[in-house]
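# Summary of the model geometry
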Amino acid sequence: MDTTVGTLIVAAVILAAIVAIAWGWSRRKQAQSEVVSPPKPHMGIKPVSDPVEGSYVSTTKAGHPLERVAVHGLGIRTTGELVVTDGGVIMDLAGREDFLIPRRDIVSVDTTNGMIGKFVERGGIIRITWHLGDDLVDTGFRTRYSASTTPTVDRIREMIEEAQ
């Protein structure tokens, strides 16, 4: 009898935690309903380098690495590829719609060691700061191979300089 009561208490606590997480996520999405959807990649843009394999970390409000953008699937971590093109940066994501960070909207690119619960070695995450409609956001991508990080950042920086 004691194990049954204990099991029910643990199950109730786990269920309450799941409900609280779902409620918080839906409230965040509701609060961010005015955030526009990111553009989709379109025909006519050409890659300027090979795709870089890795993990899409998340998109957050710029300067707030713990404030995830929950709408349009931007807050969900997944594997994928980052592709630098002549029109911007494509996030080619597994199991989700790809999106384009247009060249004209990119403000800066750098590296960081942490973003939204993902902490790695110094400079292990590529962080692209860009305009998503009226919002300034940071998008993080962790390359599968650390040797790919610096060349990718350099290509994006070159693209920003050419656009100016």
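Remember, it's a predicted structure, so these values are computed and weren't measured experimentally.

## Focus on the overall build of the protein chain
Along the backbone of the protein chain there are two helices and nine strands. In the protein chain, the succession of helices and strands from N to C terminus is α-β-β-β-β-β-β-β-β-β-α. For the protein chain, the spread of C-alpha atoms along the three principal axes comes to 70 × 35 × 30 Å. Residues classed as buried in the protein chain amount to 41% of the 164 residues present. The long-range fraction of contacts in the protein chain, counting pairs at least 24 apart against all pairs at least 6 apart in sequence, stands at 62%. Taking the average place of the 18 positive charges on the side chains of the protein chain and the average place of its 20 negative ones, the gap between the two points comes to 4 Å.

## Here's the deal with the pairing of strand β9 (residues 135-143)
Most of β9 is tucked away: seven of the nine residues are buried. Pairing of strand β1 (residues 52-61) with β9 involves seven bridges; the strand directions are antiparallel. The residue of β9 that forms the bridge with Y56 is F141. With seven bridges connecting them, strand β8 (residues 125-132) and β9 associate as antiparallel partners. Across the sheet, residue R127 finds its bridge partner in β9, namely G140. Linking two consecutive strands that pair antiparallel, namely β8 and β9, is a turn of two residues; a positive phi of about 65 degrees is found at G133 within it.

## A look at the packing of aromatic side chains
For the structure shown, the criterion picks out two aromatic pairs. Judged by centre distance (5.9 Å) and plane angle (80 degrees), the rings of Y56 and F99 are edge-to-face. Residue Y56 is located in strand β1, and its partner F99 is located in strand β4 (residues 99-102); the two are separated by 43 residues in the primary sequence. The exposure classification of Y56 matches that of F99, with both residues buried. With centroids separated by 6.3 Å and ring planes inclined at 15 degrees, the aromatic side chains of F99 and W130 adopt a geometry described as stacked.

## Considerations on the nonpolar core
Taken as a class, soluble globular proteins show a tendency for nonpolar side chains to be buried jointly. Of all hydrophobic cores here, the largest spans 25 residues; its most connected members are V89, M91, I128 and I156. For this core, the secondary structure elements donating two or more residues are β1, β2 (78-85), β3 (88-93), β4, β5 (106-112), β8, β9 and α2 (149-163). Residues contacting M91, with those up to four places away along its chain left out, are Y56, E81, L82, D98, F99, I101, I128, T139 and F141. Core analysis: the second largest hydrophobic core is formed by five residues, M115, I116, V120 and I125 among them.

## Points about the sheet that holds β5
Overall, antiparallel pairing links the seven strands, which are arranged β4-β3-β2-β1-β9-β8-β5 in an open sheet. Looking at strand neighbours, the two that pair on one side only are β4 and β5, the edges of this open sheet. Adjacent strand axes in the sheet meet at a mean angle of 35 degrees, parallel and antiparallel pairs treated alike.

## Points about the domain arrangement of the protein chain
It is common to report an interface's size as the accessible area lost on association of the parts. Partitioning the protein chain into domains gives domain 1 (1-33) and domain 2 (50-160). Each of domain 1 and domain 2 has a C-alpha centre, and these two points are 31 Å apart.

## Quick notes on the UniProt feature "domain: PH" (unreviewed entry) in the protein chain
The feature "domain: PH" (unreviewed entry), as given by UniProt, occupies residues 40-154 in the numbering adopted here. Segment residues 40-154 splits into 5% helix and 49% strand. End C-alpha atoms: 24 Å apart.

Rules behind the numbers
- Residues numbered from 1 in each chain as written.
- Predicted model: local features only at pLDDT ≥ 70, side-chain atom pairs only at ≥ 80, totals over all residues.
- Heavy atoms only, no water.
- Helix = DSSP H or I, 4+ residues; strand = E, 2+ residues; numbered from the N terminus.
- Buried < 20%, exposed > 50% of the residue type's maximum accessible area, 1.4 Å probe, protein only.
- Contact = heavy atoms within 4.5 Å.
- Lys, Arg positive; Asp, Glu negative; His and termini not counted.
- Charge placed at Lys NZ, Arg CZ, Asp CG, Glu CD.
- Pairing = 2+ DSSP bridges.
- Phe/Tyr/Trp six-rings, centres within 6.5 Å; stacked < 30°, edge-to-face > 60°.
- Core = buried A, V, L, I, M, F, W, Y, C linked by side-chain atoms within 4.5 Å.
- Axes fitted to C-alpha atoms, helices over the stretch in contact; angles between N-to-C directions.
- Domains from an automatic or database assignment.
- UniProt positions renumbered as here; feature names shortened; annotations may be inferred.

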